[in-house]
Protein chains: 4
Amino acid sequence: MDTFGRKFRISIFGESHGPAIGVIIDGVPADIELSEEDFSEDIARRAPGAKGTTPRKESDMPEILSGVLDGYTTGSPLTIIFRNANTRSGDYSEFEAMPRPGHADYTAAVKWDSANDPRGGGHFSGRITLPVVAAGVVAKKILEGTAKEEGGAGISVKARLDEIGGCADKSRWDELLTATAREGDSLGGIIDCSAEGLPIGLGEPFWDSVESLVSHAIFAIPGVRGIEFGDGFKASAMKGSEHNDPFGPEGPVKNGAGGVNGGLTNGAPLHFRVAVKPTASIAKPQKTYNFETEKMDTLAIKGRHDVCFALRTPVIVEAMTAIVLADLLLIY
Amino acid sequence: MDTFGRKFRISIFGESHGPAIGVIIDGVPADIELSEEDFSEDIARRAPGAKGTTPRKESDMPEILSGVLDGYTTGSPLTIIFRNANTRSGDYSEFEAMPRPGHADYTAAVKWDSANDPRGGGHFSGRITLPVVAAGVVAKKILEGTAKEEGGAGISVKARLDEIGGCADKSRWDELLTATAREGDSLGGIIDCSAEGLPIGLGEPFWDSVESLVSHAIFAIPGVRGIEFGDGFKASAMKGSEHNDPFGPEGPVKNGAGGVNGGLTNGAPLHFRVAVKPTASIAKPQKTYNFETEKMDTLAIKGRHDVCFALRTPVIVEAMTAIVLADLLLIY
Amino acid sequence: MDTFGRKFRISIFGESHGPAIGVIIDGVPADIELSEEDFSEDIARRAPGAKGTTPRKESDMPEILSGVLDGYTTGSPLTIIFRNANTRSGDYSEFEAMPRPGHADYTAAVKWDSANDPRGGGHFSGRITLPVVAAGVVAKKILEGTAKEEGGAGISVKARLDEIGGCADKSRWDELLTATAREGDSLGGIIDCSAEGLPIGLGEPFWDSVESLVSHAIFAIPGVRGIEFGDGFKASAMKGSEHNDPFGPEGPVKNGAGGVNGGLTNGAPLHFRVAVKPTASIAKPQKTYNFETEKMDTLAIKGRHDVCFALRTPVIVEAMTAIVLADLLLIY
Amino acid sequence: MDTFGRKFRISIFGESHGPAIGVIIDGVPADIELSEEDFSEDIARRAPGAKGTTPRKESDMPEILSGVLDGYTTGSPLTIIFRNANTRSGDYSEFEAMPRPGHADYTAAVKWDSANDPRGGGHFSGRITLPVVAAGVVAKKILEGTAKEEGGAGISVKARLDEIGGCADKSRWDELLTATAREGDSLGGIIDCSAEGLPIGLGEPFWDSVESLVSHAIFAIPGVRGIEFGDGFKASAMKGSEHNDPFGPEGPVKNGAGGVNGGLTNGAPLHFRVAVKPTASIAKPQKTYNFETEKMDTLAIKGRHDVCFALRTPVIVEAMTAIVLADLLLIY
């Protein structure tokens, strides 16, 4: 099942070693201006190249196959594909004997035993987040536009990296990344995300609480370990009188709840933080089991990998959040 | 939309001030022994009465309306209801002028303006978790039984309270609860949940990752502020070489990932922690806005409320986890 | 899967030999006046007693468990149950050896082999149409009210029996039913259904065409053999110039299409006909196979059965149509 | 909503005047041999060119974008696209003033008023059935293969044209088509469809009866006016003793029910008939309303159109049936 959402419904398809990957979005309103250029900025934010990210090239040009005519959405399903530049490689066969720690090689091999099935060969590719970013661009257009129509400033969603490897001091990140790369090791991070301009009452009281839907989407991003809203884990150590957000004439006067009461947006910004694990693929040798020799062995993963893929993750968090909010807005 | 799950599908219905609340569960396998007594233990764990919880009486006896004949499930939809003892009260009208901080009075009033609509009157009742606990009992029966058939020990799900008000020292909880009750204030907590005996490969790689589904269900519980799997937020400050779980002959040798790789269970226990906020309703006066007088005012909430509803929440966390896992097991 | 509809979603539950059967309806708008008396008329139309229908008593009193407060719907899920008067009977065990022609005894026994499972014992009870009729009452209230708000006369759905046993001459039906009852045989019929006052454009161009949704619901009624819209099967023998409905200033000037173009309502009444088979249970001896003796044998079904259950079916056709149209109207 | 099916789920996308149309199929099992050549035969059966069908050229070459590697399905979503040869034409603007009888010009213009929206401009293109035929090819592969694995002959689905313009005598069809073409008029037809080799018990007792699902899919085909199973409309005029199918040792000895009892397949072939209307677009002048001049006017539709599109419809009926049965088989 590769579909998410109720009204703004997105379905992801494709393998990184097949001809193309893509996304089909059902429920996009008609008459939104949309061209392939609109995707450039967010795709660039996800692309490798910055310090701490992998220098591999990817073919990241979107092609719109349906749902847009003469530069405007038509209201029928929107299909965007990305051609894959590289055809199938045999890179992954070695991981059948020695599954990489922190990867799904082992679990996928148990779940799908087909030789042909790419899900069974360790190909849980991060490339799948590329169509997510594309869907996020469309979702953000909906969020911006809908509110503007009603005289508002539009809804904005912004995610940024707050910590790398436990360090919040941005001026020290370069040094930290360089040193970690030298060790052949990797780093995680914490992402902070806010959405402003939301109407009051998005979400549903129970199964479809805003937190339920946002966390569902965020944990689909590979490598996420935790999420917390507002005061988050700290709330568990606060008194009610400290954590409760009193109201002022314009709504809550502080934001311990992260913008949600009883599952519904309360007028304050939606605010949450996401913990991202360190990149699993590291050059540094790891002691792990060899299922062929049936002995403990040493694995050093070759190739170039992100020291800290959390650097590329904020735009994906933003996309996921926008996808959830666009769906809630269209249902509302 | 009050439905959750794909194969083990649960739908909750009812208001705390109507005749009954209940749950209908689609997808329950036939031939599971089930009677109304099976629900007693978990319902008691959720019931008020322990120190730090409210001493109100509730009518918590389940009635099975369909799906069971001669003490065994039939495979057709299972319906369980709980009659409500108290009819409609006017308790909530005062919160129209002064919405309670930490409650949905304000957001619900904006979303639903109908005088009759209980969703618009602040009745986001915690009683809705009673049918969830009932569904959890059925889910746990499926988890225990299915694995046992194949010679295993069955799948168990256990949640326990780990911290109250930031304090992990259980011997000090009584004192802490008593002191906080005396102040008219409230406390939150942290719940630890583990599921053991899971097959490898439950879950799907993307939208239906185990973490996505579990967090979706957990955030439906009123008052949850955060969730983290395995090393959780600490993972963001670890190196890859520390956080990665190397394999041994029997699977992962440690559990930094919380039992999930690439969205799929990896054979280690599923393990996560949940942050619960302090009870929102407190006797201690709170400064908040009065929308009638259009001035800041002071609100002291009457009645008896849980000092720490986190004491009653572990069985709900357990139920939600079992519901998600039963669904994944039946799909697998 | 016992759920139908997207916004006005109905789920049926219960067995005729368990404590109750019922329906839960999600998506009912708030503030519709509704009481248990509203169901009497349609339930009476479905009830046995008229000539040609079975004289058995049933317990047909609805009980509203949720979704209504102070006589008005609340907008949350509406649950209606019907207690079953008779507990489990052993009537059906004989059909294990000799499955009744025209019944699901044989197919159900192959599909579900559980001794306890009522689906495996021939209990495909017609009683399941009772909650459908109840849901139809709610749907008709929505159809009537919504259009009235906008100054219209409301949407009405009317189904009537047009033929019994191939005879359209109503004055001869009594005689035909009496004679057929005397032979221990049974009769089918044709039902004509129209919905007037529909807005233009209900439905979707492809999978959710009006005809697709209506036929889906109608074929869920036990014993339906065919459905045709507008000119129906006769259209296959017409020229385009005869079958096409030209437009006048107020829309189509005739109704060969049955009120639907390209899957969407076109302003003319929705009009279709339904073929209902003769009652399968007949007293007249039938030669059929005995799976126990492994020889052809003779089966005479005891008890009192409808000579022509098509007499009771129009209100069910009406309910199904209203359920589909209410869903389309709420989505529109 | 452009999705159909529960496990074998198909989503159609694209406009005939955009870059491409296509289908994404979720739930295709891994390891089915599949190449672009597999689609040729069925696509040719749908293609224009035979007597009575339109001589226009279409670009009907499928391109597989995902879900197949090295000639075998991978188990992940299968995407097939068809590039559109012709870009947007202005052909349809004239129908804004005078909507074509039998088309959706009028209803779509009321439903969607956007100038850009192709759904609002009369573009309810028959081209959408091309991806349906492609999905049918995949579905038929599943039906053939699954049963073969278990030693059976596989499930086959066959549809053929039985009548044209009310004439069952095939030798007279040529003459009838030629004469009707000369008049600038059109013809309908009746299609007969059978599926053999089905296991007993496909389908569900109520909402998802086999007849419900098949009719849902069949009525999505543009121009279908009726469907009947087994004895169909004739059953309404039969006695129970005539219509009932007695059992022999191998199952039902005749097929008045069309292979379904109580919504479930009963071992006999699934058998039904479909009424197809005459082509709506005819050269023969039609009196209809001109919404611009606000007077009755005469419309003669230019261009070349099928005299009888029922000639091209059997392969589409076959595809729809296979899609439904493959879904039921994978759920079973």
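Use the structure listed above.
Everything in this summary refers to the structure shown in the same document. (Residues numbered from 1 in each chain as written. Chains lettered and ligands numbered in written order. Predicted model: local features only at pLDDT ≥ 70, side-chain atom pairs only at ≥ 80, totals over all residues. Heavy atoms only, no water.)

### Brief notes about the pattern of salt bridges
Point 1. Under the defined criterion, the tally for this structure stands at 68 salt bridges over all chains.
Point 2. One salt bridge in this structure joins K284(A) and D185(A), with 3.5 Å as the shortest N-O distance. Here the residue K284(A) occupies a position in the loop between strand 15 (270-276) and strand 16 (286-290), and D185(A) occupies one in the loop between helix 5 (173-182) and strand 9 (189-196), the gap between them amounting to 99 residues.
Point 3. Relative accessible area serves as the criterion here: at 31%, K284(A) is assigned to the partly exposed category.
Point 4. In this structure, the salt-bridge partner of R45(C) is E318(C), at a minimum N-O distance of 2.8 Å. Within this pair, whereas R45(C) is found in helix 1 (residues 40-46), its partner E318(C) is found in helix 7 (residues 314-331), the two being separated by 273 residues in sequence.
Point 5. Of the residues examined, R45(C) reaches a relative accessible area of 33% and is grouped as partly exposed.
Point 6. The class for E318(C) is buried, based on a relative accessible area of 2%. (Salt bridge = Lys/Arg side-chain N within 4 Å of Asp/Glu carboxyl O. Helix = DSSP H or I, 4+ residues; strand = E, 2+ residues; numbered from the N terminus. Buried < 20%, exposed > 50% of the residue type's maximum accessible area, 1.4 Å probe, protein only.)

### Details of the relation of the copies chain A and chain B
Point 1. For the pair chain A and chain B, the best superposition has an RMSD of 0.0 Å and corresponds to a rotation of 180° with a translation of 0.0 Å parallel to the axis. The operation mapping one copy onto its partner corresponds to a two-fold rotation axis.
Point 2. Here 100% of the contact residues of chain A are again contact residues in chain B; the copies associate through an equivalent surface. (Least-squares fit on C-alpha atoms with pLDDT ≥ 70 in both. Contact = heavy atoms within 4.5 Å.)

### Quick word on the interface of chain A and chain B
Point 1. Taken together, the contacts link 100 residues of chain A with 100 residues of chain B.
Point 2. For the pair chain A and chain B, the summed buried surface comes to about 7,600 Å²; carbon and sulfur atoms form 64% of the total.
Point 3. The largest contributions to the chain A side of the interface with chain B come from W207(A), R225(A) and F247(A), which together make up 13% of the buried area.
Point 4. Our count for the chain A to chain B interface comes out at four salt bridges.
Point 5. Among the ionic pairs, E183(B) bridges to K239(A), the shortest N-O distance being 3.2 Å.
Point 6. On the surface where chain A and chain B come into contact, there are 37 residue pairs in polar contact (both at pLDDT 80 or more).
Point 7. Counted by class, the side of chain A that touches chain B contains 50 nonpolar, 33 polar and 17 charged residues.
Point 8. Sheet topology note: the strand 10 (residues 224-229) of chain A/strand 10 (residues 224-229) of chain B ladder contains three bridges and is antiparallel. Among the inter-strand pairings, I227(A) is bridged to a residue of strand 10 of chain B, identified as I227(B). (Buried area = accessible area lost by both parts, 1.4 Å probe. Polar contact = N/O pair within 3.5 Å; in protein donor to acceptor, adjacent residues only side chain to side chain. Nonpolar A, V, L, I, M, F, W, Y, C, P; charged D, E, K, R; others polar. Pairing = 2+ DSSP bridges.)

### A word on helix 5 (residues 210-218) of chain B
Point 1. Most of helix 5 of chain B sits out of view: nine of its nine residues are buried.
Point 2. Of the positions making up helix 5 of chain B, those classed as buried are V210(B), E211(B), S212(B), L213(B), V214(B), S215(B), H216(B), A217(B) and I218(B).

### A short note on the packing of helix 5 (residues 210-218) of chain D against helix 7 (residues 314-331) of chain D
All names here are of chain D.
Point 1. Relative to each other, helix 5 and helix 7 sit at 140°, their axes nearing to 9 Å. The angle between helix 5 and helix 7 places the two elements in the oblique class. As for how helix 5 packs across helix 7, the hand of that crossing is right-handed. Facing helix 5, whose interface residues are V210, L213, V214, A217 and I218, helix 7 presents V317, M320, T321, V324 and L328.
Point 2. Class assignment for the residues of the contact of helix 5 with helix 7 results in nine nonpolar, one polar and no charged. (Axes fitted to C-alpha atoms, helices over the stretch in contact; angles between N-to-C directions. Parallel < 35°, antiparallel > 145°, perpendicular 65-115°, else oblique. Left-handed = near helix turned anticlockwise from the far one by under 90°.)

### Things to note about the side chain of T107(A)
Point 1. Looking at the secondary structure, you find T107(A) in helix 3 (residues 105-111).
Point 2. Sequence-distant contacts of T107(A), that is, excluding residues within four places in its chain, are made with I200(B), N261(B), L264(B), T265(B) and N266(B).

### Some words on the interface of chain D and chain C
Point 1. The partner chain C presents 100 residues to the 100 residues of chain D that form the contact.
Point 2. Both sides together, the interface formed by chain D and chain C hides about 7,600 Å², and carbon and sulfur atoms give 64% of it.
Point 3. On the chain D side of the interface with chain C, the three residues burying the most area are W207(D), R225(D) and F247(D), jointly 13% of the side's total.
Point 4. Joining chain D to chain C, the criterion identifies four salt bridges.
Point 5. The tally of links from chain D across to chain C stands at 37 residue pairs in polar contact (both at pLDDT 80 or more).
Point 6. Across the side of chain D that touches chain C, the residue classes tally to 50 nonpolar, 33 polar and 17 charged.

### A closer look at the relation of the copies chain D and chain C
Point 1. Each copy superposes on the other: chain D lies on chain C with an RMSD of 0.0 Å after a rotation of 180° and an axial shift of 0.0 Å.
Point 2. When the interface residues of chain D are mapped onto chain C, 100% of them are again interface residues, pointing to one common binding face.

Purely geometric numbers; function is a separate question.
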